[in-house]
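# Chain and residue survey
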Amino acid sequence: MALVSNSHKACAVNPLKMSQPIGAALAYLGLDACMPALHGSQGCTAFGMVLFVRHFRENIPLQTTAMNEATTILGGMDNIEQAILNIWNRAKPKIIGIASTGLTETKGDDVDGYLKLIRKKHPELDELAVVYVSTPDYKGAFQDGWANAVVRIVRELVEAPAKKIPDQVNVLAGSHLSPGDIDELREIIQDFGLNPIILPDLSGSLDGHVSSDFSPNTTGGTTLEEIKSMGASSVTLVIGEHMLPAAVEIGMKAEVPYIVFDRLLGLEAFDQFVTALSEASGKPVPGKYRRQRSQLLDAMLDGHFFFGGKRVAVGAEPDLLWAVSSMLSEMGCEIAAAVTTTSSPMLERVPASEVLIGDLEDLEERAKDCDLLITHSHGRQMAERLNIPFLRMGLPIFDRLGSAHRISVGYRGMRDLIFEIGNMFMENAHEVGPDTWAKSKGSAGAQAAAH
Amino acid sequence: MAGLNAKVQEIFNEPGCEKNQGKSEKERKKGCTKQLQPGAAAGGCAFDGAKIALQPITDVAHLVHGPIACEGNSWDNRGAKSSSSRLYRTGFTTDVSELDVVYGGEKRLYKSIREVIEKYDPPAVFVYQTCVTALIGDDIEAVCKAASQKFGKPVIPVDSPGFVGNKNLGNKLAGEALLEYVIGTEEPEETTPYDINIIGEYNLSGELWQVKPLFDKLGIRILSCISGDAKYKEVAWSHRAKATMMVCSKAMINITRKLEERYGIPYFEGSFYGISDMSDSLRQTAKLLVDKGADAELLDRTEALIADEEAKAWEALEPYKARLKGVKVLLITGGVKSWSVVSALQEVGMEIVGTSVKKSTVEDKERIKELMGQDAHMLDDMTPREMYRMLKDAEADIMLSGGRSQFVALKAKMPWLDINQERHHAYAGYDGMVALVKEIDKALYNPIWKQVRRPAPWEEAWL
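Residues numbered from 1 in each chain as written. Chains lettered and ligands numbered in written order. Predicted model: local features only at pLDDT ≥ 70, side-chain atom pairs only at ≥ 80, totals over all residues. Heavy atoms only, no water.

## Comments concerning the interface of chain B and chain A
Rules: Note on contacts: a residue pair is in contact if any heavy atoms of the two residues lie within 4.5 Å. Buried area adds together the accessible area that both of two parts lose upon being put together, with accessible area traced by a 1.4 Å probe. Salt bridge criterion: a side-chain nitrogen from Lys or Arg within 4 Å of a carboxyl oxygen from Asp or Glu.
At the interface, 63 residues of chain B touch 60 residues of chain A. Summed over both sides, the interface between chain B and chain A buries roughly 5200 Å², with carbon and sulfur atoms accounting for 58% of that surface. Contact with chain A buries area across many residues of chain B, yet Pro38(B), Asn73(B) and Trp75(B) alone supply 14% of it, more than any other trio. Note that Asp95(B) is salt-bridged to Lys17(A), the shortest N-O span being 3.0 Å.

What follows is the structure in structure tokens.
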């Protein structure tokens with residue numbers, strides 16, 4: 001439906017995009033007792049860490065191989081070896097997740113080869129799982145780094161099962177899901193009597209809990225044992241198109257079938273998910289969800305007055321853009337501007353005339369007469385300049401509390417999101433005055449419905 | 001790169017730094033910081049340092065030549081405030097692609113400079129080198145030179161790719177760029193005997209504005225601040241000041257020293273943190289100005305202002321004495337701040353149970369001993385686990401540190417206060433020190449602490 005194009009500028013202004021390695025790092029942060037490390041200069045890690053600390057308001061375990069000029073030229077094997085040993089000795093994680101960066105990819109470090117040599121040299125590390133993913137900064141975006149890391153996690157760690165566990169299901173969670181979303185999905189799936197293994201599981205590690213002791217590693221998330229047993233599951237539920245390659249990988253290793261849910265936001269979209277759960281479990285939909293669905297219907301009925309005809313500008317990574325703009329479009333909004341970070345098969349299906357792979361400057365140009373702006377916190381300067389309401393979605397959200405717990409999946413999540421957005425439309429409705437109808441131009445009549 | 005290596009070596013030889021001069025030739029070549037440990041390192045890179053140092057210049061475009069990581073992951077993340085232009089908060093990057101890595105990114109950089117100038121018309125463009133573009137050999141100096149000639153505007157190369165070193169080195173490389181391309185290229189409309197530079201102050205949370213009124217009261221003009229709330233032309237005419245105050249320890253000592261060598265501008269190192277430090281800074285500023293020809297009555301006026309301001313500050317701190325007496329503070333910060341706030345906290349009766357000296361110089365450590373006694377608890381490299389233990393065991397009542405370690409304190413259910421660059425409150429000058437004590441009081445006496453430390457009552461019932 002949408003025409004997908006690339007920004008032809010030489011200079012990106014006000015980036016929407018973030019880089020692959022930190023996407024991979026966040027995926028690793030959804031594993032339990034894990035220490036992620038970026039193979040690059042110390043700054044690659046420092047920037048990612050600051051970004052995540054600001055978003056999650058949590059301690060972020062993230063290490064670096066601390067490459068410098070000389071080690072870059074000579075190759076980073078010694079640095080990777082030392083990094084693994086240092087992390088192992090100091091933090092004793094179960095998993096170390098390594099992602100390359102633009103620096104080490106430009107040099108061309110063969111990290112897969114290094115790791116084989118290091119494994120041979122250090123049998124004492126046999127119990128430590130090490131996953132490596134190639135994520136050059138100059139290619140793709142955050143969502144790609146996340147997806148690629150999960151493919152590698154699955155390839156390295158999932159085992160072919162001795163026998164299947166019928167009520168166990170895999171959930172491959174896309175980077176657009178918050179810890180709150182994952183908690184919500186777990187509860188729903190468990191209500192069908194199914195036991196989900198969610199990968200990656202940020203709800204365990206970055207949900208803002210207070211532990212009783214200090215750990216330098218992640219304190220929650222998918223455990224190594226859980227990942228190993230994913231091959232025994234009856235089905236893989238894929239949340240977000242970018243998680244498909246990981247599902248295919250599990251399928252190849254252990255013949256687990258998969259179902260793709262390109263989004264969970266939207267009435268029909270979530271109906272499909274619930275139907276699938278009912279089929280997988282052989283159980284009827286619990287009354288709780290009938291009630292929640294009915295509440296959502298009511299929210300849609302009450303809310304549609306405020307959504308109809310509104311022009312919305314969305315800047316987000318492909319799968320979040322797809323989910324949010326589809327839902328808004330299904331509520332009667334017009335997606336007047338859509339900007340994203342990287343290519344994806346979902347983009348041409350976005351309900352907009354154009355989807356641009358670009359930056360926030362591009363979005364700002366296209367968002368001038370919109371009623372609502374949706375993007376991550378970096379949209380704050382633009383929203384101020386354009387003087388339009390601004391809903392923060394995506395990552396990073398550094399100027400609001402509780403971004404980890406915002407829910408935008410499920411009947412209940414969508415209901416609350418409709419209220420949140422509807423309230424913004426209501427609050428910003430234009431007041432009518434004696435001259436409103438005197439001027440020939442404008443759509444004040446439609447706006448009058450919103451008092 | 002040869003040029004860059006020479007520059008780095010030059011920075012490692014710093015006549016203005018006593019510690020550096022105390023080293024052997026060989027030690028000096030290794031630079032100021034310990035070699036980084038892979039897997040056990042933290043902190044920003046040289047690019048980060050250069051950006052921190054220059055980004056507070058508000059009216060120029062800061063263009064990062066590199067892949068998306070360097071700018072996309074980090075832009076608009078600091079609290080340097082501006083009194084006018086917002087352009088410094090706009091993120092510009094060449095966002096180089098795989099093809100650029102293969103074929104070279106110079107053309108993209110040149111076009112980017114053109115786009116930025118056409119669209120935003122800044123008085124200058126600062127172009128930052130990064131690891132990837134340095135590694136593939138993009139000659140940003142040549143591109144900047146060509147662009148500068150073509151577009152008739154200063155286009156300044158900042159050659160400080162991340163992998164050459166740490167943040168501190170980046171601060172200094174940024175200073176080199178200013179010395180080479182900016183300082184001395186403009187002239188102020190008029191000069192007075194009361195013109196000073198403040199170097200190494202970034203106006204975080206508006207701290208420059210917290211001390212500017214004090215200089216205003218004395219009739220001292222801040223001709224240029226490098227780089228807090230600075231405009232390009234102000235930096236460019238900083239060579240016409242009569243004296244320089246160097247803030248924040250050694251981060252920009254190279255600019256300060258070369259301003260003295262090239263233009264005969266004397267300098268002193270001072271701090272705006274702490275009451276007596278603020279007074280010392282005013283005193284030394286006045287003295288240097290009088291030495292350079294300002295009317296000697298400035299000294300008397302300065303003393304009068306100091307007496308007045310100090311009295312007001314101590315009076316404002318008085319109510320906190322009873323509330324803060326005996327409160328144990330763990331101070332985790334670097335350099336100057338490791339001692340400059342100590343005296344003020346002690347004055348209101350707080351006890352410093354430990355201060356980190358990781359980034360402190362020998363003189364910093366001496367100052368700490370003066371203030372806290374010979375057995376001062378100086379912590380060289382404290383692990384987060386150890387901080388957590390100290391707080392959990394109530395060896396400290398509050399931790400003052402940077403954002404990176406905040407969750408160590410909060411997860412131990414102990415009060416914490418941000419005193420590093422991401423903080424939201426301004427703590428400079430006399431007002432700032434009162435504000436700091438007020439914030440400590442607010443943090444300590446918040447009613448949540450009792451609630452969050454109490455276990456759920458139903459938990460005990462089931463034990």
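Next comes the rest of the description.
## With respect to the environment of Ile52(B)
Residues and elements named next belong to chain B. Operational definition: Runs of E in the DSSP output that reach at least two residues are strands. Runs of H or I that reach at least four are helices, and both are numbered from the N terminus. The classification of residues rests on relative accessible area computed with a 1.4 Å probe and restricted to protein chains. Under 20% of the type maximum is buried, over 50% is exposed, and intermediate values are partly exposed.
When you line up the elements, Ile52 lands in helix H4 (residues 46-54). The exposure class assigned to Ile52 is buried, which follows from its relative accessible area of 12%. Residues Ile52 and Ser227, 175 residues apart in the sequence, show an inter-C-alpha distance of 9.4 Å. Every residue in contact with Ile52, bar those within four places of it in the chain, is listed here: Arg78, Lys167 and Tyr202.

## Remarks on helix H15 (residues 297-324) of chain B
Residues and elements named next belong to chain B. Note the cut-off: Given the number of residues in a helix, its expected span is that number minus one, multiplied by 1.5 Å. Bend, in this description, refers to the angle at a residue between axes fitted to the seven residues ending there and the seven starting there.
Helix length check: H15, at 28 residues, gives a terminal C-alpha distance of 39 Å against a target of 40 Å (1.5 Å per residue), a fit within 8%. The largest bend in H15 is about 40°, located at Glu318, with the proline Pro319 one to four residues further on. For H15, the complete set of buried residues consists of Leu298, Thr302, Leu305, Ile306, Glu309, Ala313, Leu317, Tyr320 and Leu324. Contacts made by the buried residues of H15 are with helix H11 (207-217), helix H14 (275-291) and helix H21 (429-444).

## Describing the packing of aromatic side chains
Here is the rule we go by: Put simply, two rings from Phe, Tyr or Trp (the six-membered ring, in Trp's case) pair if the centres are within 6.5 Å, and we call them stacked under 30 degrees between planes, edge-to-face over 60, tilted for the rest.
Counting across every chain of the model gives 15 aromatic pairs over all chains. Measuring from ring centre to ring centre gives 6.4 Å for Phe52(A) and Phe56(A), while their planes differ by 50°; the resulting arrangement is tilted. Here Phe52(A) pairs with Phe56(A), and both are found in helix H2 (residues 42-56), just four residues apart, close to one helical turn. Taken as a pair, Phe52(A) and Phe56(A) share a single burial class, namely buried. An angle of 85° between the planes, with centres 6.2 Å apart, marks the rings of Phe47(B) and Tyr128(B) as edge-to-face. Residue Phe47(B) is found in helix H4, and its partner Tyr128(B) is found in strand S3 (residues 125-129); the two are separated by 81 residues along the sequence.

## Here's the deal with the pattern of salt bridges
Inspection of every chain in the model, using the stated rule, returns 52 salt bridges over all chains. For the salt bridge of Asp76(B) with Arg380(A), the shortest nitrogen-to-oxygen distance reads 3.1 Å. Highlighted residues: Asp76(B) in the loop between helix H5 (68-72) and strand S2 (92-93) and Arg380(A) in helix H16 (residues 380-386), drawn from two different chains. Here Glu395(B) and Arg389(B) are joined by a salt bridge, their closest N and O atoms 3.0 Å apart.

## Digging into the packing of H4(B) against helix H10 (residues 167-181) of chain B
All names here are of chain B. Our working definition: For helices, the fitted line uses only the C-alpha atoms of the stretch in contact; every axis is such a line through C-alpha atoms, and the angle between N-to-C directions lies from 0 to 180 degrees. By the definition adopted for this analysis, an angle is roughly parallel if under 35 degrees, roughly antiparallel if over 145, roughly perpendicular if from 65 to 115, and oblique otherwise. Should the near helix be turned anticlockwise from the far one by less than a right angle, the crossing is left-handed, and should it be turned clockwise, the crossing is right-handed.
Packing of H4 against H10 leaves a shortest axis separation of 6 Å and a crossing angle of 55°. Our classification of the angle between H4 and H10 gives oblique. As H4 runs across H10, the sense of the crossing is right-handed. Together, Ala46, Asp48, Gly49, Ala50, Ile52, Ala53 and Leu54 of H4 and Lys167, Gly170, Asn171, Ala174 and Leu178 of H10 make up the contact between the two elements.

## Structural notes on the sheet that holds strand S10 (residues 351-356) of chain B
Residue and element names in this part refer to chain B. So the rule is basically this: The criterion for strand pairing is that DSSP finds at least two bridges linking the strands in question.
With parallel pairing, five strands are arranged side by side in an open sheet as S11-S10-S9-S12-S13. Looking along the sheet, the strands with just one partner apiece sit at the ends: strand S11 (378-379) and strand S13 (416-418). Bridge analysis of strand S9 (residues 328-331) against S10 gives four bridges, and the strand direction is parallel. Bridge pairing links Val329 to Ile352 in S10.

## Some points on the domain arrangement of chain B
Residues and elements named next belong to chain B. How we decide: The domain limits used here are those given by an automatic or database domain assignment. Nitrogen and oxygen atoms within 3.5 Å of one another constitute a polar contact, given that in protein one can donate a hydrogen and the other can accept it, and given that sequence-neighbouring residues count only through two side-chain atoms.
Segmenting chain B into domains produces domain 1 (1-32), domain 2 (42-181), domain 3 (195-310) and domain 4 (325-424). Centre-to-centre, using C-alpha coordinates, domain 1 lies 25 Å away from domain 2. Between domain 1 and domain 2, the residue contacts involve seven residues of the former and 11 residues of the latter. Of the roughly 800 Å² buried between domain 1 and domain 2, counting both surfaces, carbon and sulfur atoms make up 75%. Where domain 1 meets domain 2, there are one salt bridge. Between Glu180 and Lys7 there is a salt bridge whose closest N-O contact spans 3.9 Å. Taken together, domain 1 and domain 2 are joined by zero residue pairs in polar contact (both at pLDDT 80 or more).

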